[in-house]
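Okay, here's what each chain looks like letter by letter:
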Amino acid sequence: MTASTIISQGSNVLTQKVLGSRRFSNYWWATVVFLGATGFLLAGLSSYFHKNLLLVTDATQLIFFPQGLVMGLYGIAGLLLSSYLWLAILWDLGGGYNEFNRETGQIKIFRWGFPGKNRRIEIDCPTQDAQSVRVDIKEGINPRRALYLRVKGRRDIPLTRVGQPLSLKELETQGAQLAKFLGVPLEGL
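Note that the coordinates shown come from a computational prediction; the quantities given were computed from them, not determined experimentally.

Quick notes on the rules
Residues numbered from 1 in each chain as written. Predicted model: local features only at pLDDT ≥ 70, side-chain atom pairs only at ≥ 80, totals over all residues. Heavy atoms only, no water. Pairing = 2+ DSSP bridges. Helix = DSSP H or I, 4+ residues; strand = E, 2+ residues; numbered from the N terminus. Axes fitted to C-alpha atoms, helices over the stretch in contact; angles between N-to-C directions. Parallel < 35°, antiparallel > 145°, perpendicular 65-115°, else oblique. Left-handed = near helix turned anticlockwise from the far one by under 90°. Nonpolar A, V, L, I, M, F, W, Y, C, P; charged D, E, K, R; others polar.

Could you clarify how one ought to interpret the sheet that holds strand β8 (residues 157–158) in this entry?
Within a sheet, adjacent strands bond to each other through the backbone by hydrogen bonds, running parallel or antiparallel. Spatially, the 4 strands line up as an open sheet ordered β8-β7-β6-β9, and their pairing is mixed. Among the strands making up the open sheet, the edge pair consists of β8 and β9 (186–187). Pairing analysis gives 2 bridges linking strand β7 (residues 144–151) to β8, with the strands arranged antiparallel. Paired with L149 across the strands is I157, a residue of β8.

What follows is the structure, encoded as structure tokens:
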């Protein structure tokens, strides 16, 4: 399922799921960083205790100061980074949904944030305040392809995921479908 796949579309309700931090790439990098950091930390501890704690190499040959100490610090830093990545996955940061309801005349944008007072990020507005659906395309080293909802009296509201850009076909299809559903123009294509 892609990040903004339509999960339900009645004649009057359109709901899109938005994929947050629970992407394959985040699981991959959290695992790789954890394993690498654990190796660095064990290498540093092996040089300190002069007892090999690694399976693939003998780290007791390292001199603790400075090599073993630095490897241990790299290991601690890597474990902290890995912990952050796993917590972001657990909390599903950025995940949520977009709901456009013509029956109630409401648009609801919902995303999960960091735990605390503002964990739930919700934006509600009437459907008649929607002015247009804007497509934002930027190519180059750091490409960006996103959909925004232009609403009266507010900044443009992002509707698509952060991270991997959507394909041009998928972006165009979703933008056109949403603009048709809301009865507003599609800008940026």
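Before we go on, may I ask you to explain the packing of helix α1 (residues 24–49) against helix α2 (residues 64–91) in this structure?
Helix-helix packing is characterised by the crossing angle of the two axes and by the distance between the axes. It is at 7 Å that the axes of α1 and α2 come closest, and there the two elements cross at 155 degrees. The angle between α1 and α2 places the two elements in the roughly antiparallel class. Both α1 and α2 take part in a crossing whose hand is left-handed. Each residue belonging to the contact of α1 with α2 can be placed in one class, and the counts come to 19 nonpolar, 10 polar and no charged.

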